[in-house]
Amino acid sequence: MSIQSTMEDKLKAAFSPERLVIINESHLHAGHHHQGSDHHGAFDGTGETHFRVRIVSPSFAGMSRIERHRAVNALLADELNAGVHALAIEPAAPGEQTRW
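What counts, and at which threshold
- Residues numbered from 1 in each chain as written.
- Predicted model: local features only at pLDDT ≥ 70, side-chain atom pairs only at ≥ 80, totals over all residues.
- Heavy atoms only, no water.
- Salt bridge = Lys/Arg side-chain N within 4 Å of Asp/Glu carboxyl O.
- Helix = DSSP H or I, 4+ residues; strand = E, 2+ residues; numbered from the N terminus.
- Buried < 20%, exposed > 50% of the residue type's maximum accessible area, 1.4 Å probe, protein only.
- Arc of directions from axis to C-beta.
- Contact = heavy atoms within 4.5 Å.

Draft legend 1. Expanded view of the pattern of salt bridges. With the rule as written, the count across this model stands at seven salt bridges. Note that R68 and E96 form a salt bridge whose closest N and O atoms lie 2.8 Å from each other. With R68 in helix α2 (residues 65-75) and E96 in the segment after β3 (86-92), the pair connects residues that are 28 residues apart, well separated along the chain. By relative accessible area, which is 7% here, R68 ends up buried. Beyond isolated ion pairs, a larger network of salt bridges with shared partners links E25, R52, R54 and E90.

Draft legend 2. The arrangement of unusual backbone geometry in detail. Its identity as a non-glycine residue notwithstanding, S16 has a phi of 40 degrees, on the positive side. When you line up the elements, S16 lands in the loop between α1 (3-15) and β1 (19-24). Using a relative accessible area of 52% as the deciding quantity, one classes S16 as exposed.

Draft legend 3. Representation of α2 in the model. Of all the positions in α2, only R68, H69 and V72 are classed as buried. For α2, the angular spread of buried residues about the axis comes to 95 degrees, placing them on one side. Exposed side chains of α2 directed beyond 90 degrees from the buried face belong to I66, R70 and A74. Where α2 is buried, its residues meet α1 and β3.

Shown next, in the form of structure tokens:
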């Protein structure tokens, strides 16, 4: 199973989102050097290392932006520790305006 699929399954199970989009943005980071990672030299942009998570869930109602980010980061800690280099999180509660 791909990292993206695993993250999607976890997010759906934990937050029952009304809307969920996970975008693999790894290709946008080709040529970047990841200090302290297993990428030697410049990163070629392949694989599953950079993601954007856009999620609308009733679970986020009443939570601050930081609490929402912490909840998603905690849920996806295994993926972050196993090679996901960057995770952009765009959480919202139902009825909140999003930029997407």
